[in-house]
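Commentary on secondary and tertiary structure
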Amino acid sequence: NSAYSRRLNYSGSNAAPGAQLSAGMSRASAIGPLDRAGLPDPAGRYALISIGMSNTTQEFQAFMPLAAADPSKDSRLAIVDGAQGGQTAADWANPGCACWTTLDSRLQQAGLTRAQVAVAWVKMANSQPSGGWPAATLQLEADTVRVMQALAARFPNLRLAYLSSRIYAGYATTTLNPEPYAYQSGFAVRGAIEDQLTGLLPFS
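Residues numbered from 1 in each chain as written. Predicted model: local features only at pLDDT ≥ 70, side-chain atom pairs only at ≥ 80, totals over all residues. Heavy atoms only, no water.

1. Remarks on the pairing of strand 4 (residues 160–164)
The pairing of strand 3 (residues 117–123) with strand 4 spans five bridges and is parallel. What sits directly across from Lys123, in strand 4, is Ser164. (Pairing = 2+ DSSP bridges. Helix = DSSP H or I, 4+ residues; strand = E, 2+ residues; numbered from the N terminus.)

Structure below.
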């Protein structure tokens, strides 16, 4: 597959391309409170959600009280942990996954609608990866792209999504997501972002 071959030629810079950075800043400046139908409303609310697995929810649960205590946080911003233990990238890539229903339920419990979700943090992995390099990485990349497309379809006012790779797994005592697969997940994230940059697989 020529497209996959292209994405294996990893090189580049940590600096975002100018056009992409400008577009991102423009999207960020447009984020603000919305009514339940998703229309701009100074008296409304908007949400940051997390998407991912147990490691994601553990980190997000640690982040949430820090964010709540930050005096610069907009009081209208709701932070909702959608990440769930045991839910892999392959699970989230399935539109019928119960993980999406659980996320909807958590939004409802927070008094929010899908139309009020503005930002997502996405950190995923697949359990018990096998196949070596690059097969497992390409599978994770494909799952990530499908998740991003699902996010764009489910949340019409989603403006930004931040992608993270798996944390270092060198001290892991199980084969759930060991090295070098955890490290190589960074290349899956890179490939998904490159897809968005080039328009090969647009997310929205």
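2. Here's the deal with the pattern of salt bridges
Under the definition given, this model contains six salt bridges. When the shortest N-O distance is used, the salt bridge between Asp104 and Arg154 registers 2.9 Å. In this pair, Asp104 sits in helix 5 (residues 98–109) while Arg154 sits in helix 6 (residues 135–154), placing the two residues 50 residues apart along the sequence. Put simply, Glu194 and Arg190 hold a salt bridge, and the shortest N to O gap is 3.1 Å. Taken together, the residues Glu194 and Arg190, both in helix 7 (residues 181–198) and four residues apart, mark about one turn of the helix. On the accessibility criterion, Glu194 (18% relative accessible area) is buried. Among the ionic contacts, a cluster of salt bridges with common partners joins Asp104, Arg114 and Arg154. (Salt bridge = Lys/Arg side-chain N within 4 Å of Asp/Glu carboxyl O. Buried < 20%, exposed > 50% of the residue type's maximum accessible area, 1.4 Å probe, protein only.)

3. Here's the deal with unusual backbone geometry
A cis amide bond links Trp133 with the next residue in sequence, Pro134, at an omega value of 5 degrees. Along the chain, Pro134 turns up in the loop between strand 3 and helix 6. That bond from Glu179 to Pro180 is cis: its omega, 5 degrees, falls within 30 degrees of zero. With respect to the helices and strands, Pro180 occurs in the loop between strand 4 and helix 7.

4. Here's the deal with the packing of aromatic side chains
Applying the stated rule across the entire model yields six aromatic pairs. Taken together, a centroid distance of 5.4 Å and an interplanar angle of 70 degrees make the contact between Trp133 and Phe187 edge-to-face. In this pair, Trp133 sits in the loop between strand 3 and helix 6 while Phe187 sits in helix 7, placing the two residues 54 residues apart along the sequence. On the accessibility criterion, Phe187 (22% relative accessible area) is partly exposed. When the centroid spacing of 5.7 Å and the interplanar angle of 80 degrees are considered together, the rings of Tyr183 and Phe187 count as edge-to-face. Here the residue Tyr183 and the residue Phe187 both occupy positions in helix 7, the gap between them amounting to four residues, near one helical turn. One aromatic cluster is present, formed by Phe60, Phe63 and Trp121 through successive ring pairs. (Phe/Tyr/Trp six-rings, centres within 6.5 Å; stacked < 30°, edge-to-face > 60°.)

5. Some details on the side chain of Asn177
Summarising the element assignment, Asn177 is placed in the loop between strand 4 and helix 7. Among the polar contacts listed, one links the side chain of Asn177 to the side chain of Arg166, at a separation of 3.4 Å. Contact partners of Asn177, with chain neighbours within four places excluded, come to Ala125, Asn126, Pro129, Arg166, Ala169 and Ala182. (Polar contact = N/O pair within 3.5 Å; in protein donor to acceptor, adjacent residues only side chain to side chain. Contact = heavy atoms within 4.5 Å.)

6. Quick word on the nonpolar core
Within the largest apolar cluster, 26 residues are counted, with the highest numbers of intra-cluster contacts made by Ile49, Ile51, Trp100, Leu151 and Phe155. Contributions of two or more residues to this core are made by strand 1 (46–52), strand 2 (77–80), helix 4 (89–92), helix 5, strand 3 and helix 6. Ranked by the residues each element gives to this core, the list is headed by helix 6, at five residues. Listed in part, the nine residues of the second largest apolar core include Phe60, Ala67, Ile79 and Trp121. (Core = buried A, V, L, I, M, F, W, Y, C linked by side-chain atoms within 4.5 Å.)

Keep in mind that these numbers describe shape and distance, not what the molecule does.
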